[in-house]
Amino acid sequence: MTFPTGRAVLAAAAAIASFSIATNLHAHGDVTPQPVDTTALPDIAGGNDAWTTENPYTGNAKAIEIGQSAYGQNCARCHGLEAISGGIAPDLRYLELGSSGDEWFVERFRHGSSHDGKVYMPPFGDVLGQKAGWAIRAWLESKHTDE
Ligand code: HEC
């Protein structure tokens, strides 16, 4: 009678293992980029083919609102809730305001960051698009701090 009992124990162990893997994945968040509805925002000349290097949505209340939710769904799992970093990725509240901050932001947003064959941040430009990118930047500007 030990054989069936052993199998039952094994099955239970396997169930626990797969459950904890699933929980783990969940804790790391969904790695699929979440689409952002930007239809309420003014179009940007050039669409996704010609990216501007200065945020056209700075101070735009609608963009800030859309950007906050887009950030929460796509960036917070690494950069932290409310843009307050828990340490695994840079704290985006410190990103410089103005055009040099814009340039750096859009470079990372479009292309992400990889070195030595490891992806530190995936690229978002093609999947989320220019309007979503600048909306997130507009929200981050509203969270900016120098402290
Ligand atoms: C998988 C984790 C991850 C996700 C998701 C992620 N990032 Fe990053 N991001 C990083 C890491 C790690 C770095 C630092 C990369 C380096 O130094 O090479 C970084 C760097 C940046 C930088 C440059 C910051 C600096 O101070 O130099 C910006 C801007 C940025 N991310 C924006 C975003 C935005 C916007 C999103 C969501 C659309 C996002 N990231 C999603 C991990 C992530």
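Predicted model, so just to flag it, every value in this text is computed and none were measured.

Rules behind the numbers
- Residues numbered from 1 in each chain as written.
- Predicted model: local features only at pLDDT ≥ 70, side-chain atom pairs only at ≥ 80, totals over all residues.
- Heavy atoms only, no water.
- Helix = DSSP H or I, 4+ residues; strand = E, 2+ residues; numbered from the N terminus.
- Buried < 20%, exposed > 50% of the residue type's maximum accessible area, 1.4 Å probe, protein only.
- Contact = heavy atoms within 4.5 Å.
- Expected span 1.5 Å × (residues − 1).
- Arc of directions from axis to C-beta.
- Donors = N, O, S within 2.8 Å, 3.2 Å for Na, K, Ca; no water.
- Pairing = 2+ DSSP bridges.

(A) Quick look at the overall build of the protein chain. Each helix and strand in the protein chain was counted, giving six helices and two strands. Helices and strands appear in the protein chain in the N-to-C order α-α-α-α-β-β-α-α. Here the protein chain, with 147 residues, has 33% of them falling under the buried criterion. Put simply, of all contacts in the protein chain between residues at least 6 apart along the chain, 68% involve residues at least 24 apart.

(B) Expanded view of unusual backbone geometry. Look at Glu 82: it is not a glycine, yet its phi comes out positive at around 60°. As for its placement among the helices and strands, Glu 82 is situated in the loop between helix H3 (76-79) and helix H4 (98-111). Note on Glu 82: relative accessible area 37%, which makes it partly exposed. Its identity as a non-glycine residue notwithstanding, Ala 83 has a phi of 70°, on the positive side. Looking at the secondary structure, you find Ala 83 in the loop between H3 and H4. The class for Ala 83 is buried, based on a relative accessible area of 0%.

(C) Geometry of the environment of Gly 47. Tracing the chain through its elements places Gly 47 in the loop between helix H1 (2-27) and helix H2 (61-74). For Gly 47, a relative accessible area of 32% translates into the label partly exposed.

(D) Quick look at H4. With 14 residues, H4 should reach 20 Å at 1.5 Å per residue; the first-to-last C-alpha distance of 20 Å fits that figure. Buried within H4 are the following residues: Gly 101, Asp 102, Phe 105, Val 106 and Phe 109. Buried residues of H4 fall within an arc of 125° about the axis and therefore sit on the same side. Backbone geometry just downstream of H4 places Gly 112 in the positive-phi region, at approximately 65°.

(E) Spatial organisation of the coordination of the iron atom of the ligand. At this site the iron atom of the ligand is bound by His 79 (NE2) and Met 121 (SD), with donor distances of 2.0 to 2.2 Å. The class for His 79 is buried, based on a relative accessible area of 10%.

(F) Region of interest: the pairing of strand E2 (residues 118-121). With three bridges connecting them, strand E1 (residues 113-115) and E2 associate as antiparallel partners. Bridge pairing in E2 places His 115 opposite Lys 118. If you look at the hairpin formed by E1 and E2, you'll find two residues sitting between the two strands, and Asp 116 has a positive phi there, around 50°.

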